[in-house]
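Fold and contact review
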Protein chains: 2
Amino acid sequence: MQRTLVLDCNDKVNESVKICGWVQTRRDHGKIAFLDILDRSGVLQVVCSGEQVKDLGPQDVVCVEGKVASRPPKLINPNLPTGKVELQAEKIEIVSKAEELPFDMGGKELDLQLPTLLDFRGLTLRHPKIKEIFKVQEVVIDAFRESLKKKDFTEFQSPVIIPQAAEGGSEVFEIKYFEHKAYLAQSPQFYKQIMVGVFERVFTVNKTLRAEPSVTTRHLTEATTLDAEFGFIDSWLDVMEMAEYSIKYILERVEKETSPILTSYNTSIPKVPETIPHIKLREAQEIIFKRTGRDNRKEPDLEPEDEREICRWALEEKESDLIFITHYPVSKRPFYTFEDESDPGYTLSFDLLGRGTEWMTGGQRINDVKLLTEKASARGVDIKKSELYLQAFKYGMPPEGGFSFGSERIVMHILGLSNVREASLFPRDMERVDIRLSSLK
Amino acid sequence: MQRTLVLDCNDKVNESVKICGWVQTRRDHGKIAFLDILDRSGVLQVVCSGEQVKDLGPQDVVCVEGKVASRPPKLINPNLPTGKVELQAEKIEIVSKAEELPFDMGGKELDLQLPTLLDFRGLTLRHPKIKEIFKVQEVVIDAFRESLKKKDFTEFQSPVIIPQAAEGGSEVFEIKYFEHKAYLAQSPQFYKQIMVGVFERVFTVNKTLRAEPSVTTRHLTEATTLDAEFGFIDSWLDVMEMAEYSIKYILERVEKETSPILTSYNTSIPKVPETIPHIKLREAQEIIFKRTGRDNRKEPDLEPEDEREICRWALEEKESDLIFITHYPVSKRPFYTFEDESDPGYTLSFDLLGRGTEWMTGGQRINDVKLLTEKASARGVDIKKSELYLQAFKYGMPPEGGFSFGSERIVMHILGLSNVREASLFPRDMERVDIRLSSLK
C-alpha cells in the first residue's frame, strides 16, 4: 500500500491508509493504547490494542495500516491539524527499533539542562518544540533572500577560507593550508564590497567563524550570517531604509508562516511602527541619563543595561520594539566606516536594537580608495595585502553601504530564547564542537 | 534628479533622466563620442561630445543627465535590451574615477590567461561575460532550493567546523581551535543524515572544504555544495528519481532565465529525454569494451576516457546528454553506502554523468545502526567518535538516501567552461587563496 502523509488523513475518513513515521508518545489505557505518530506533515493519533503496541516505544519508526475514523465530537482536539480524525490500527510494522531513550521526549516541553540538550543533539532536535526553532530559522533566511531579490539584489557565494586576517582582531581561526597558513572568514565584508562593483546590489547567506574566547549566552564560534551590500546610495539613510525593509519583511513572513510556533513559545513578533525610530548614540545616552541617572554620556558604546533601557524607552515613547542607534564614534567602528562630515568623529553607521539587545549592524562605507587606505593604515590594518579588495576601489566604486545580522541571534530574539546555542542546530563554542572538547583530552 | 535604471530608459523616450553606472566602453568619433554605461539593469549607449568625455575612461563611475532619444532605425541594436534608444548627454558627473586598467575590458570576450584573470579578480569579475557565469550559479542554487521545497524538504544549516575527520581520508583541513584541533567539513553528509531524523526531508547549501593536494581543472579546495537527504524511501530508485527531478528542474530554470547567457557561451542546456537512462557500472564497461576494445571490465570505477565514451553512447543510443551509472562496488563507496542484497559486492548508489564527466553522486544509506557500525569499523573509521551521528541511528531511522553536487561543477558543465576555477567567484586551490600563496613567502 502507498504511504499517506498523516496530514492528508483529514481527507481520507473511512478509507484504508498506511502511514509511516516516528512514535512520539504511547499512552496505555488497559486494552486500548494510543500512539502519536509523527511524520514530516504533522502528528496523528493512532488507536491500537494493548497487544499491538506492547513492543513499541518512543522514536521507533513504524508503518501503520488501518482505517481513518472521525473522532467523536467530545474528543476533537482543536489545536491539532489532524485533531478531528484518528487512525484505527490494523497492522503495525516496526521499520527501525529505537534504543531506550535517555530521557522522556514525550512532554510538551523538553525539560533538560543545556549541556544534556546538546550532548544528545542527534535526538533532542527531534522534539517538536526544539525543531520548531529551526523552522523559524528557515523562514528568516528564506525571507531575507526573498526581500532582497525583490529589490534587484544578486545572491553570491562568499568564501570561508581567506588569505589574511585582514579586518584585524585576534578572534580569527587559523588553518593549516598545505605549506601555508590561512584563516577562516569572520565576515564576508570585503567580498560583498568587491561584489558591489560587479552586480551593484548583492547579498550572501554565509558561515562566519569567530574564535570567541568567551562562553557567553550570545556568542557562537560558527554562525549563519545574512549580509547585504549595495551601491549608488544617495546617503547612509538608504542603507538604513533597506535594512528596515528587509527586517520588516522577515518579521511579516515569520508571523504569517510560523504563528503556531510563536504561540507555543508564548511570544509574538516585535511591535514595529510605520517607521522604526532612529536616534544618535549620544541622544540615547542623554535619554538614559535623564531616565535613570546613569551617566554613560562619555562612553563610546551602549552597555547591556543601556541597551535594555533605550529599548524600554522606544517601546514607551515610540511604541516600537525595535530602534536604530546611529552615529557610533569612529573609534568603535571598522576602518572602512564612513565618517559623518557634518558630525566629525562620528560615523554614518547604525545598530538595530530589539527587545533590549543588538539585532543588526550596518552603515555607509568609504568608497574612495585613497581615504580607505589611509584609514586602514591609521588603524594598523595592512590593507595592501587584500589586493582584490583594493582593486574594487581602485577601479571605480560608487557610494555604497550594507548591513549584516546573524540568523541565530534573530531567531533567539524572536522566540525569546535565553541562549543563542538553542538557536543553532549544532552550536560550536570554546568548549564544544558537537562533543565536549574536554572529552578529547 | 532621481536616478533612472538604464533598462527603464526604454519607456522614457523624449524625457530627461539621470542614469548612474560604470563606463564600460568609450568610442571616439571626432566631435562625437559614445559611452556604454552599465548598471545593475543593463547597458545603455550614451551620446556625448568629445569634450564631455575627454577625462573619462573605462570603469569610471558616472552619473549622466540628458534626454532619452529613439535611435534611427538603421542604428537599432536588436541584441541589446536597450537597443532602440540612447541617451543624449547633457551633464556628466564623475562619481568615482578609476585608475588606468591593466588590460582592455571593453571587448566581448576577456582574453586573459587564467592566472591574470584571477590575480585581478576584483576587476575581471566585472566583465559582462565573466559575471554572467555567476548569474547562472545563482539560478542553479535557487532552483535547487525551490525544487526541493516543492517536495516538502526543509532547508537547514550544516556546520563547517567539525570535531573529527570522521569520514576518513587525508584531504581534510585542520584548524587550531583554541587549545584543541578541529577540522573543516568535507561534506554535510553526517549532518544531513542526522536531520532526516528531525525533518524527514532536508537539504542544505553549504561550503565544503577539501585539502585537494593536486591542481587539476576540476578541483577546488572550497566549493558551494548542494545536498539533499530524505527518509521513508521505498528503494534507492526513489533517491535517483528525486535527483533526476531536481536536476531537470534546475536545467529548466537555467534555460528559461539565462538563455541569452547560454547563447553568449555558444551552448545550450543538456538534452534530456523523458527519463534519464541508467545502467550498472558493469554494463557500462561492457558497452565501452564493445565500442572501443578498451577492456576496463575489471576496474572498480570509470576512468575519464570511459566517462566520455559512455556519454557518447548515451547520446547516440538514448538521445541523452545525461546518464546515471549505478552499482559501484562496495569498496569504491563510503562505508555508509547500502549494499544491493540481490547483487552482493555492489552498492545501491549512482553517479550522474553529463557531457563526459561526473555531475552528481548519491544513493541509499545504511540505516541500521549495528550494520553501520560494523561497516565503519571494517573500513577503519572510528564512528563511535561521531556521537551525534550514531544517536540519529540508535533512536529510530527509516530507510533513507540522498544526493550531492557542487554548484561550480554544474555551472562549469552547463556553460562548457574548461576550468572549474572560472565558475568560482574566488577560487581557492593549493596555490591560491585570492593571491598566489607563493607571494606570501
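Let us now look at the overall build of chain A. A tally of helices and strands in chain A yields 11 helices and 19 strands. Relative to its full complement of 441 residues, chain A shows a buried share of 50%. For chain A, the proportion of contacts with a sequence separation of at least 24, taken over those separated by at least 6, is 64%.

Residues and elements named next belong to chain B. Strands sit in the order S17-S18-S19 across an open sheet of 3 strands; the sheet is antiparallel. Strands with a single pairing partner mark the edges of an open sheet, and in this sheet they are strand S17 (428–429) and strand S19 (435–436). Across 2 bridges, S17 lies against strand S18 (residues 432–433) in antiparallel orientation. Each residue of the ladder has a partner; that of Asp-429, found in S18, is Arg-432.

The accessible area lost on association of the parts is a frequent measure of interface size. At the interface, 74 residues of chain B touch 75 residues of chain A. Considering every element that reaches the side of chain B that touches chain A, the biggest residue donor is helix H10 (residues 387–394) of chain B, with 6 residues. A class-by-class count of the residues in the side of chain B that touches chain A yields 40 nonpolar, 12 polar and 22 charged. The pairing of strand S8 (residues 174–177) of chain A with strand S8 (residues 174–177) of chain B spans 3 bridges and is antiparallel. Looking at the pairing, Glu-174 of chain A lines up with Lys-176 of chain B of S8 of chain B.

Moving on, we get to the domain arrangement of chain A. Along its sequence, chain A is carved into domain 1 (6–96) and domain 2 (122–270 + 355–440). Inter-centroid distance (C-alpha atoms) of domain 1 of chain A to domain 2 of chain A is 42 Å.

Where a strand is regular, its side chains alternate between the two sheet faces. All names here are of chain B. By the bridge criterion, 7 bridges tie strand S1 (residues 16–29) to strand S4 (residues 61–70) in an arrangement that is antiparallel. The partner of Trp-22 across the bridge, within S4, is Val-61. The sheet contact formed by S4 and strand S5 (residues 85–96) spans 10 bridges and is antiparallel. Note on S5: the bridge partner recorded for Ser-70 is Val-85.

This part covers the pairing of strand S14 (residues 349–354) of chain A. Residue and element names in this part refer to chain A. Among the 6 residues in S14, 6 count as buried, and that is most of the element. The alternating pattern of S14 places Ser-349, Asp-351 and Leu-353 and Phe-350, Leu-352 and Gly-354 on opposite faces, both of which are buried. Pairing between strand S13 (residues 322–326) and S14: 5 bridges, direction antiparallel. Of the residues in S14, the one forming a bridge with Ile-323 is Leu-353. Two strands pair when backbone bridges link them, and S14 and strand S15 (residues 357–365) are joined in this way by 6 bridges, in the antiparallel orientation. Directly across from Leu-352, in S15, lies its bridge partner Met-360.

Residue and element names in this part refer to chain B. Position of Ser-349 relative to the elements: it lies in strand S14 (residues 349–354). Taking C-alpha positions, Ser-349 is 19 Å from Lys-248, a pair spaced 101 residues apart along the chain. Leaving out residues up to four positions away in the same chain, Ser-349 has contacts with Thr-326, Tyr-328, Arg-333, Thr-337, Gly-362 and Gly-363.

Okay, the nonpolar core next. By size, the foremost hydrophobic cluster in this structure holds 213 residues, and its most contacted members are Ile-37 and Val-140 of chain A together with Ile-37 and Val-140 of chain B. Ignoring any residue separated from it by four or fewer positions in sequence, one finds Val-140 of chain A in contact with Ile-250, Val-254, Ser-407, Ile-410 and Val-411 of chain A. Judged by nonpolar contacts, the second largest core, of 26 residues, contains Ala-165, Phe-173, Ala-182 and Ala-185 of chain B.

Expressed as a screw operation, the relation of chain B to chain A combines 0.0 Å of axial shift with a rotation of 180°, fitting to an RMSD of 0.0 Å. Taken together, the turn and the small shift mark the pair as related by a two-fold rotation axis. For chain B, the residue whose C-alpha comes nearest the rotation axis is Ile-175 of chain B, separated from it by 2.2 Å. With an isologous cut-off of 70% or more, the 100% of interface residues of chain B that recur at the interface of chain A puts this contact in the isologous class.

Here we come to the packing of helix H5 (residues 189–199) of chain A against helix H10 (residues 387–394) of chain A. Residues and elements named next belong to chain A. It is at 9 Å that the axes of H5 and H10 come closest, and there the two elements cross at 35°. Note on packing geometry: the crossing formed by H5 with H10 is left-handed. Between H5 and H10, the residues in contact are Phe-190, Gln-193, Ile-194 and Gly-197 and Leu-388, Tyr-389 and Ala-392, respectively.

Taken across its 8 residues, H10 of chain B has 6 buried, putting it largely inside the fold. Looking at H10 of chain B, one finds that the buried residues are Leu-388, Tyr-389, Gln-391, Ala-392, Phe-393 and Lys-394 of chain B. Here the buried face of H10 of chain B lies against helix H3 (121–124) of chain A together with helix H5 (189–199) and helix H9 (369–378) of chain B. Count one or two residues on from H10 of chain B and you reach Gly-396 of chain B, which has phi positive near 85°.

Now for the sheet that holds strand S10 (residues 201–209) of chain B. Across a sheet, paired strands are connected by hydrogen bonds in the backbone, their directions being either parallel or antiparallel. Residue and element names in this part refer to chain B. Strand order in the open sheet formed by 8 strands is S6-S10-S11-S16-S15-S14-S13-S12, and the pairing between neighbours is mixed. What marks the edges here is a single partner per strand, and that holds for strand S6 (154–155) and strand S12 (278–280). In this fold H5 packs onto S6, S10, strand S11 (222–231), strand S15 (357–365) and strand S16 (400–406), with an angle of close to 40° to the strand it touches most, S11. In this fold helix H7 (residues 281–292) packs onto S12 and strand S13 (322–326), with an angle of close to 90° to the strand it touches most, S12.

A word on the confidence of the model for chain A. Any region with low pLDDT has predicted coordinates that should not be read closely. Summarising the model, chain A shows a mean pLDDT of 95, and 99% of its residues fall at 70 or more. Here the predicted complex scores 0.97 on pTM and 0.97 on ipTM.

On to the environment of Leu-415 of chain A, then. The residue Leu-415 of chain A is located in helix H11 (residues 407–415) in this model. Sequence spacing of Leu-415 of chain A and Leu-425 of chain A is 10 residues, and the spatial spacing of their C-alpha atoms is 15 Å.

Now for the packing of helix H4 (residues 128–149) of chain B against helix H11 (residues 407–415) of chain B. Residues and elements named next belong to chain B. Interhelical geometry of H4 versus H11 gives an angle of 120° and a closest axis separation of 10 Å. Taken together, the axes of H4 and H11 lie oblique to each other. The crossing of H4 and H11 is right-handed. Together, Ile-133, Val-136, Gln-137, Val-140 and Ile-141 of H4 and Ser-407, Ile-410, Val-411, Ile-414 and Leu-415 of H11 make up the contact between the two elements.

Residues other than glycine predominantly adopt negative phi, and peptide bonds predominantly adopt the trans conformation. The phi angle at His-327 of chain A is positive, at roughly 60°, despite the residue not being glycine. Inspection of the secondary structure assignment puts His-327 of chain A in the loop between S13 and S14. One non-glycine residue, Phe-178 of chain B, lies in the positive phi region at around 55°.

Residues and elements named next belong to chain A. Every buried residue of helix H9 (residues 369–378) is listed here: Val-369, Leu-372, Lys-375 and Ala-376. All buried residues of H9 project into a common sector of 130° when viewed along the axis, lining one side. The exposed set on the far side of H9, more than 90 degrees from its buried face, consists of Lys-370 and Ala-378. Against H10 lie the buried residues of H9. Of the residues one or two after H9, Gly-380 is the one with positive phi, at around 75°.

The rules behind the values
Residues numbered from 1 in each chain as written. Chains lettered and ligands numbered in written order. Predicted model: local features only at pLDDT ≥ 70, side-chain atom pairs only at ≥ 80, totals over all residues. Helix = DSSP H or I, 4+ residues; strand = E, 2+ residues; numbered from the N terminus. Buried ≥ 20, exposed ≤ 12 C-beta atoms within 10 Å, placed from the backbone. Contact = placed C-beta atoms within 7 Å. Pairing = 2+ DSSP bridges. Nonpolar A, V, L, I, M, F, W, Y, C, P; charged D, E, K, R; others polar. Domains from an automatic or database assignment. Core = buried A, V, L, I, M, F, W, Y, C linked by C-beta atoms within 7 Å. Least-squares fit on C-alpha atoms with pLDDT ≥ 70 in both. Axes fitted to C-alpha atoms, helices over the stretch in contact; angles between N-to-C directions. Left-handed = near helix turned anticlockwise from the far one by under 90°. pLDDT = per-residue confidence, 0-100. Parallel < 35°, antiparallel > 145°, perpendicular 65-115°, else oblique. Arc of directions from axis to C-beta.

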